[in-house]
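What the coordinates show
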Amino acid sequence: MTSPALLPLLTAVPKLGSTVRIVAVIATAIALGIVLELVRRRRLVERYALLWMVVGVVLVVLAVWTELLSWVTKLVGIDLPANFLFLAAFGVGFVLLLHFSVAISRLSEETKILAQEVARLDHELRARSANGTGGPNGAERSAAESGGKEREDRPPVRAKE
């Protein structure tokens, strides 16, 4: 049942076809299943999974509740509800890509800073070890020597740019 105030908004908008609705629901259900599987395998953090799941639920609601979709479509000024669903999905994908690009940039910078700090500490430790200035009881010197031997077994850590 629609209110009389919404009637002018709904009259000129064609209904979403049943085939498009079915495809939208199936595609969203597959996407939600993939998100759940990635969380189960610990390949996706829960906070991002929640974001993807909210987007999926909103798209399912818009695909199933055609009156709401028609109202929003008319409000935005788009002719076909299917085009609005596509535009909404594209917009959300764009925002998510932008968010993840910012997160990756921040993490890349943090990784570079951490690699530089490790290299500086390693250099300082090797310099102390070479000078023989271990400490009052020699404990630091022996730790530095054993640390140097352990580091020879592992490849050096380098920052990716």
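Let me sum up the structure you'll find in this document. Everything numeric in this text was worked out from a predicted model, so none of it was measured.

Criteria and thresholds
- Residues numbered from 1 in each chain as written.
- Predicted model: local features only at pLDDT ≥ 70, side-chain atom pairs only at ≥ 80, totals over all residues.
- Heavy atoms only, no water.
- Helix = DSSP H or I, 4+ residues; strand = E, 2+ residues; numbered from the N terminus.
- Buried < 20%, exposed > 50% of the residue type's maximum accessible area, 1.4 Å probe, protein only.
- Contact = heavy atoms within 4.5 Å.
- Areas by Shrake-Rupley, 256 points an atom, 1.4 Å probe, with all protein chains shown as cover.
- Core = buried A, V, L, I, M, F, W, Y, C linked by side-chain atoms within 4.5 Å.
- Salt bridge = Lys/Arg side-chain N within 4 Å of Asp/Glu carboxyl O.
- Expected span 1.5 Å × (residues − 1).
- Axes fitted to C-alpha atoms, helices over the stretch in contact; angles between N-to-C directions.
- Parallel < 35°, antiparallel > 145°, perpendicular 65-115°, else oblique.
- Nonpolar A, V, L, I, M, F, W, Y, C, P; charged D, E, K, R; others polar.
- Patch = residues over 30% accessible without salt bridge, like charges linked within 9 Å, V, L, I, M, F, W, Y side chains within 5 Å.

Comments concerning the overall build of the protein chain
Scanning the protein chain for helices and strands turns up six helices and zero strands. Listed N to C, the secondary structure of the protein chain is α-α-α-α-α-α in terms of helices and strands. Here the protein chain holds 161 residues, and 20% of them are scored as buried. Excluding contacts between residues fewer than 6 apart, the proportion of contacts in the protein chain whose partners are at least 24 apart in sequence is 60%. Approximately 12,000 Å² of the protein chain is accessible, and the part contributed by carbon and sulfur atoms is 66%.

Thoughts on the nonpolar core
In this structure, Ala-24, Val-55, Leu-59, Leu-62, Ala-63, Leu-69, Val-72, Ile-78, Phe-84 and Leu-85 together form the largest nonpolar core, which totals ten residues. Elements with a minimum of two residues in this core: helix H3 (46–64), helix H4 (66–76) and helix H5 (81–131). The element that contributes the greatest number of residues to this core is H3, accounting for four residues. When neighbours within four sequence positions are excluded, Ile-78 is seen to be in contact with Thr-73, Asn-83, Phe-84 and Leu-87.

Remarks on the pattern of salt bridges
Applying the stated rule across the entire model yields eight salt bridges. One salt bridge connects Glu-110 with Arg-106, and the closest N-O pair in it is separated by 3.4 Å. Taken together, the residues span about one helical turn, with Glu-110 and Arg-106 both in helix H5 at a distance of four residues. Using a relative accessible area of 38% as the deciding quantity, one classes Glu-110 as partly exposed. The exposure class of Arg-106 is partly exposed, given its relative accessible area of 44%. Salt bridges linked by common partners bring Glu-117, Arg-120, Glu-124 and Arg-128 together as one network.

Overview of H5
Helix length check: H5, at 51 residues, gives a terminal C-alpha distance of 75 Å against a target of 75 Å (1.5 Å per residue), a fit within 8%. All of the buried residues in H5 are Pro-81, Phe-84, Leu-85, Leu-96, Ala-103, Ala-115, Asp-122 and Ser-129. Of the residues trailing H5, Gly-132 is marked for its positive phi of about 75 degrees.

Focus on the packing of H3 against H4
At their nearest, the axes of H3 and H4 sit 5 Å apart, and the two run at 95 degrees to each other. Viewed along their axes, H3 and H4 adopt a mutual orientation that is roughly perpendicular. Across from Val-61, Leu-62, Ala-63 and Val-64 in H3, the residues of H4 making contact are Thr-66, Leu-68 and Leu-69. Grouping the amino acids of the contact of H3 with H4 by side-chain chemistry returns six nonpolar, one polar and no charged.

Points about the environment of Leu-32
As for its placement among the helices and strands, Leu-32 is situated in helix H2 (residues 18–40). Residues Leu-32 and Gly-56, spaced 24 residues apart in sequence, show a C-alpha to C-alpha distance of 6.5 Å. Residues in contact with Leu-32, not counting those within four places in the same chain, are Trp-52, Met-53 and Gly-56.

Things to note about a nonpolar patch on the surface
On the surface, Ile-22, Ile-26, Ile-30, Ile-34 and Leu-38 cluster together into a nonpolar patch covering about 450 Å² of accessible area. For Ile-26, a relative accessible area of 46% puts it in the partly exposed group.

Considering the environment of Glu-46
Mapped onto the elements, Glu-46 comes out in helix H3. On the basis of relative accessibility, which here comes to 47%, the residue Glu-46 falls in the partly exposed class. Sequence spacing of Glu-46 and Leu-36 is ten residues, and the spatial spacing of their C-alpha atoms is 9.4 Å.

Any functional reading would require information beyond the geometric quantities listed.
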